[in-house]
Amino acid sequence: SNDGLRSSGGAPRRLAGRAQKTTVGGNFTRQLKKLRDRIDNTHPHYIRCMKPNAELVPDNFRSTMIIEQLRYAGVLEAIRVSRVGYPQRYPHDQFVRRYGILNPKAIKNSRSDNDASSSLVYAISRTVYEGVLGEDEQKDEHGHLDLHNVGIQVGNSKVFLRSKGKSK
């Protein structure tokens, strides 16, 4: 049966046994949904081109001109924010594969990558407090192990690592 069949464009469509014209609003809604689906399935990557010098001649780099372009584009600010934040970000499964060797017992009985990464993070943090910092484990206001001092945070989909040393 063709009941409920919808066509695109301005052609009539069949709905509940009678022909109806496609409305502008219906067309817009359908196009908008198609666009949203396309955007949601896209993973854009951007390449920023820099002018090396005012004369645009090859192999002649003016550092002040390049720094100025990076600053105006917001690239330097993004780098600064990333450096003070948590520049290393791993999905749970990747974190377990990469750092699981540090404490295999912590991940042995885990039911999922999220459980394994959380167990591994807490085991590593305890080791850092005892061995590296030489102090007792610190607890946060909820009584949980304070991961902030160690430089590790666990998110819903990723584990965030921060290097403790200041870079100059």
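First, a word on scope: everything that follows refers to the structure included in this document. Keep in mind the model is a prediction, meaning the values are calculated, not measured.

The next thing to look at is the environment of Ser112. Tracing the chain through its elements places Ser112 in the loop between α5 (104-107) and α6 (113-132). As a C-alpha pair, Ser112 and His92 span 20 residues in sequence and 9.2 Å in three-dimensional space. Reaching out from Ser112, the side chain makes a polar contact with the backbone nitrogen of Asp115 at a distance of 3.2 Å.

By the alternation rule, side chains of strand β5 (residues 158-161) split into Val159 and Leu161, which are all buried, and Lys158 and Phe160, of which none is buried. Here 4 bridges tie strand β3 (residues 88-91) to β5, and the two strands are oriented antiparallel to one another. If you follow Tyr90 over to β5, its bridge partner there is Val159. With 3 bridges connecting them, strand β4 (residues 152-154) and β5 associate as antiparallel partners. The partner of Ile152 across the bridge, within β5, is Leu161.

Each pair of aromatic rings is reported with the distance of its centres and the angle of its planes. Within the structure shown, the criterion is met by 2 aromatic pairs. Summarising the aromatic geometry, the rings of Tyr90 and Tyr99 are spaced 5.7 Å apart at their centres and angled 80 degrees between planes, so their arrangement reads as edge-to-face. Where Phe95 meets Tyr99, the ring centres are 5.1 Å apart and the plane angle is 40 degrees; that geometry is what we call tilted. Of the two residues, Phe95 and Tyr99 both sit in helix α4 (residues 92-99), 4 residues apart, roughly one turn of that helix. A single burial state applies to Phe95 and to Tyr99, both of which are buried. These aromatic residues form a ring-pair network of at least three members: Tyr90, Phe95 and Tyr99.

Criteria and thresholds
- Residues numbered from 1 in each chain as written.
- Predicted model: local features only at pLDDT ≥ 70, side-chain atom pairs only at ≥ 80, totals over all residues.
- Heavy atoms only, no water.
- Helix = DSSP H or I, 4+ residues; strand = E, 2+ residues; numbered from the N terminus.
- Polar contact = N/O pair within 3.5 Å; in protein donor to acceptor, adjacent residues only side chain to side chain.
- Buried < 20%, exposed > 50% of the residue type's maximum accessible area, 1.4 Å probe, protein only.
- Pairing = 2+ DSSP bridges.
- Phe/Tyr/Trp six-rings, centres within 6.5 Å; stacked < 30°, edge-to-face > 60°.

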